[in-house]
Amino acid sequence: MDPLNLKKLNAERLARRAAILVTDLDDGRDRLVREGDAVAGDLGTAIAEAFRTGSSRVVEAEGRRFFLNVHLPQPRLMVIGAVHISQALAPMAGIAGFPLEIIDPRTAFATQERFPGVTLYPEWPQDVLKQHPLDSYTGLAALTHDPKIDDLALKAALDAGCFYVGALGSRKTHARRMERLMGMGLAAEEIDRIHAPIGLDIGAASPAEIAVAVLAQVIRTFRSRDAARQPKGQAA
């Protein structure tokens, strides 16, 4: 491996950005491709698929063979609200490969007794997210039903380009939420990225069933994510 490419790769991994080391197996030369970089032809198609699946493999393109060594950040799920849905969601998300953390300033809810083994932040989201920034490999689910807690977290998730943003509440509740978020400077097309009502429509009723619907939607969104989407202020 070219030492310069190794240095670049380590920098991408440290910043929780996806990258693929593409090695030409015919001549041994390699190059680093970042998620969102434009690569033409069949090789570009193969690289896009590798970013989506996270699977390293040998591909043939343009009459040559390439090894795609894929490096994706660990996806994670940030939940706003230490509620009953979160209690069911936490173990399931971990099993599915989406380590979960919970933010809730209501200290009576955000306790280790209710969430054993889960990383909890009994603080306001805006304070936590300054120290633990969101990114494009983080999903965010807002579950408190309290605008004072949810709204700023939702804005932060949209600004950061989180791969998934969902919010609990009816369509009527979400319409009011949209008005508030537009008042915070977000455009309607940005707000449209929010999955609300949250979760796939499977007729879920209990907190555990809603958690299943949310996790299914998180997985589907992650596996079909748009690699070209960039957070606000980040150049493509």
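The rules behind each value
- Residues numbered from 1 in each chain as written.
- Predicted model: local features only at pLDDT ≥ 70, side-chain atom pairs only at ≥ 80, totals over all residues.
- Heavy atoms only, no water.
- Helix = DSSP H or I, 4+ residues; strand = E, 2+ residues; numbered from the N terminus.
- Rg over C-alpha atoms; globule rule 2.2 N^0.38 Å.
- Buried < 20%, exposed > 50% of the residue type's maximum accessible area, 1.4 Å probe, protein only.
- Contact = heavy atoms within 4.5 Å.
- Areas by Shrake-Rupley, 256 points an atom, 1.4 Å probe, with all protein chains shown as cover.
- Pairing = 2+ DSSP bridges.
- Right-handed = clockwise from strand over helix to strand, strands pointing away.
- Salt bridge = Lys/Arg side-chain N within 4 Å of Asp/Glu carboxyl O.
- Axes fitted to C-alpha atoms, helices over the stretch in contact; angles between N-to-C directions.

Looking at the overall build of the chain
When its secondary structure is counted, the chain shows 8 helices and 9 strands. Against the compact-globule benchmark of 18 Å for 236 residues, the chain has a radius of gyration of 19 Å, which places it among compact chains. Summarising its shape, the C-alpha atoms of the chain cover approximately 60 × 40 × 35 Å along the three principal directions. Every one of the 236 residues in the chain was classed for burial, and the buried ones make up 46%. For the chain, restricting intrachain contacts to residue pairs at least 6 apart in sequence, the fraction spanning at least 24 positions comes to 59%. As presented, the chain carries roughly 11,700 Å² of accessible surface, and 54% of it is formed by carbon and sulfur atoms.

Overview of the pairing of strand E8 (residues 138-142)
Of all 5 residues in E8, 5 are buried; the element is thus mostly enclosed. The two faces of E8 match: Thr138, Leu140 and Ala142 on one face and Gly139 and Ala141 on the other face are all buried. Relative to E8, strand E5 (residues 76-80) runs parallel, the two being bridged by 5 bridges. Its bridge partner lying in E8, Arg76 is registered against Thr138. Judged from the 4 bridges that link them, E8 and strand E9 (residues 164-167) form a sheet pairing that is parallel. In the strand pairing of E9, Leu140 is matched with Val165. Note that the unit made of E8, helix H5 (residues 147-160) and E9 has a crossover that is right-handed.

So, the pattern of salt bridges
If charged atoms from side chains of opposite charge come close, those side chains can pair. What the rule picks out here adds up to 12 salt bridges. Between Arg76 and Asp135 there is a salt bridge, with its nearest N and O atoms 3.5 Å apart. A residue pair is termed long-range when its members are at least 10 positions apart, and Arg76 in strand E5 and Asp135 in the loop between helix H4 (125-131) and E8 qualify at 59 residues. Residue Arg76 is classed as buried on the basis of its relative accessible area, which comes to 17%. Residue classification places Asp135 among the buried positions, given a relative accessible area of 13%.

Section: the sheet that holds E8
Within the open sheet, the 5 strands sit side by side as E7-E6-E5-E8-E9. Their pairing is parallel. Edge strands, defined here as strands with exactly one partner in the open sheet, are strand E7 (119-121) and E9. Each adjacent strand pair in this sheet contributes to an overall mean axis angle of 15 degrees, direction not counted.

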